[in-house]
Amino acid sequence: TTEQKTRVDKDTVLNLSYEVNWIESEIKFEDRYNKYLDASFFKHKIHWFSIFNSFMMVIFLVGLVAMILMRTLKKDYQRYSKDDDLDDIERDLGDEYGWKQIHGDVFRPGNHSLLFSTLVGTGCQLALAAIALILLAVFEKLWTERGSILSTAIFVYAATAPVNGYCGGALYSQLGGRRWIRQCLVGASFFPGIVCSTSFLINFIAISYHSAKAIPFTTMIAVAAICLFIILPLTMVGAVFGRNISGTPQPPCRINPVPRQIPEKKWFMEPSFIMFTGGILPFGSVFIEMYFIFTSFWAYKIYYVYGFMLLVYLILLVVTVCITIVSIYFLLNSEDYRWQWTSFLSAASTGFYIYLYAIYYFIFKTKMYGLFQTVFYFANMFVFSLGFGIMCGTFGYLACRLFIYKIYATVKID
């Protein structure tokens, strides 16, 4: 460049140069990012207050759930033990109601067993991969290296593939499924397929816009190779162990050959209403943390408080379990045995509310516009919300499964 203005015509060759002065610094290499960390933002009083508020919510919910279930179940056991002492004629004339009446149907396999087992297996894998990634970020400071969190996430997800195969394969076998190879293939490719399809869509638009966000073709080939040669074989190994070790169903009650008719009930006890409202409190326990995560991802801030994220993860787990167990208990008490999908979708609706919050964040907190930025934002938020919902749904289902097996194994069934 020159100090005087120079006319630049078409096809003119420009000679650009720059000068660098290196200054020795006493800052250690691992601490080089500290000056970019916004402690006033991430360690604000609101952040601490939100954690404290969520923690108090957990204590309140655990105490409330324990009190309700212990007192209510105690009364149920007393009533059912009293009914056992009656004669058959007196029992028929009596006013029987409650969750004991559906003991012959509560362990009946639900519909779409292949899809259901795939979702639960994927949720188990995502839950384990999430906690492993958070712990690695806490102890290894992954945020100090560019791209290290993404590469570590891919590695952790691939390494936890046997968990998907084991949980999904065992559940599919317990639900009476016979096409275990098909279930294994669907389970191994379900979530990676959604992620890759979304990434290819974003990449196609990025190439058309000549954006630097376009993913190189070699990177796409590498990801496809990981899915085909690492995730798929590990999932199949886990599925084989799952079918052989935990694939035999062992319900505490015998299943009736003819399904019981579901009685009419109040509108707020319908499974659809429970599914829609079940994710409100779990979302309320994490939405403040979602603001900090979204801001760090979309507003060029470095997220480094993974200790907060670990605590919020545990709070989310407890809140989801408590809310789903209470909801399913009232569903069973209304003599509705359709608890499998209800428990999963009730907890999974947390992802739906996170996506609604992502829409609000896009409109009021970002300045994105245009086709590429809009598709890039909402496609990534869709994948994040879907994975989050599948993980929460798995928490809810497994907790309700353990709860239902426990209460029906304790009560006396003729």
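The shown structure was predicted, so the numbers you read here are calculated from the model rather than taken from an experiment.

A. How the structure looks around helix α12 (residues 340-364). The end-to-end C-alpha distance of α12 is 37 Å, a good match for the 36 Å that 25 residues give at a rise of 1.5 Å each. At serine 346, α12 shows its strongest bend, of approximately 30°.

B. Highlighting the confidence of the model for the chain. The share of residues in the chain with pLDDT of 70 or more is 91%, and the mean pLDDT across the chain is 85. The element-level mean pLDDT for the chain is lowest in helix α3 (residues 88-93), coming to 44, with α12 highest at 95.

C. Region of the structure containing the pattern of salt bridges. Inspection of the entire model under this criterion finds four salt bridges. We note a salt bridge from arginine 108 to aspartate 105, for which the minimum N-O separation is 2.5 Å. Classification of arginine 108 by relative accessible area gives buried; the value is 17%. Taken together, the shared-partner salt bridges connect Lys265, Asp336 and Arg338 into one network.

D. Layout of the environment of phenylalanine 268. Inspection of the secondary structure puts phenylalanine 268 in the loop between α8 (217-246) and α9 (271-277). Classification of phenylalanine 268 as partly exposed rests on a relative accessible area of 38%. The spacing of phenylalanine 268 and leucine 331 is 63 residues in sequence and 9.9 Å in space, taken between C-alpha atoms. Ignoring anything within four residues of it in the chain, the contact list for phenylalanine 268 reads Phe273 and Ile274.

E. Broad picture of the nonpolar core. Trp339, Ile404 and Tyr408 are the most contacted members of the largest nonpolar core, which totals 49 residues. Residue assignment for this core shows that the elements contributing at least two residues are α2 (45-84), α4 (113-140), α5 (148-159), α6 (161-174), α11 (306-333), α12 and α13 (370-410). When residues in this core are grouped by element, the largest group, ten residues, is from α11. Leave out the neighbours within four places in its chain, and tryptophan 339 touches Val106, Ile328, Leu331, Leu332, Tyr397, Cys400, Arg401 and Ile404. Residues Val305, Tyr313, Tyr361 and Met391 belong to the second largest nonpolar core, which totals 37 residues.

F. Just the packing of aromatic side chains, in detail. One pass over the full model with this rule turns up 39 aromatic pairs. For the pair tyrosine 157 and phenylalanine 191, a centre-to-centre distance of 6.2 Å together with 45° between the ring planes defines the contact as tilted. Of this pair, tyrosine 157 sits in helix α5 while phenylalanine 191 sits in helix α7 (residues 180-208), and the two are 34 residues apart along the sequence. The residues tyrosine 157 and phenylalanine 191 share a single accessibility class, namely buried. Residues phenylalanine 372 and phenylalanine 376 carry aromatic rings whose centres are separated by 5.9 Å and whose planes lie at 40° to one another, so their mutual orientation is tilted. Here phenylalanine 372 pairs with phenylalanine 376, and both are found in helix α13, just four residues apart, close to one helical turn. Residue class for phenylalanine 372 comes out buried when judged on its relative accessible area of 14%.

Scoring rules and cut-offs
Residues numbered from 1 in each chain as written. Predicted model: local features only at pLDDT ≥ 70, side-chain atom pairs only at ≥ 80, totals over all residues. Heavy atoms only, no water. Helix = DSSP H or I, 4+ residues; strand = E, 2+ residues; numbered from the N terminus. Expected span 1.5 Å × (residues − 1). Bend = angle between axes of the 7 residues up to and from the residue. pLDDT = per-residue confidence, 0-100. Salt bridge = Lys/Arg side-chain N within 4 Å of Asp/Glu carboxyl O. Buried < 20%, exposed > 50% of the residue type's maximum accessible area, 1.4 Å probe, protein only. Contact = heavy atoms within 4.5 Å. Core = buried A, V, L, I, M, F, W, Y, C linked by side-chain atoms within 4.5 Å. Phe/Tyr/Trp six-rings, centres within 6.5 Å; stacked < 30°, edge-to-face > 60°.

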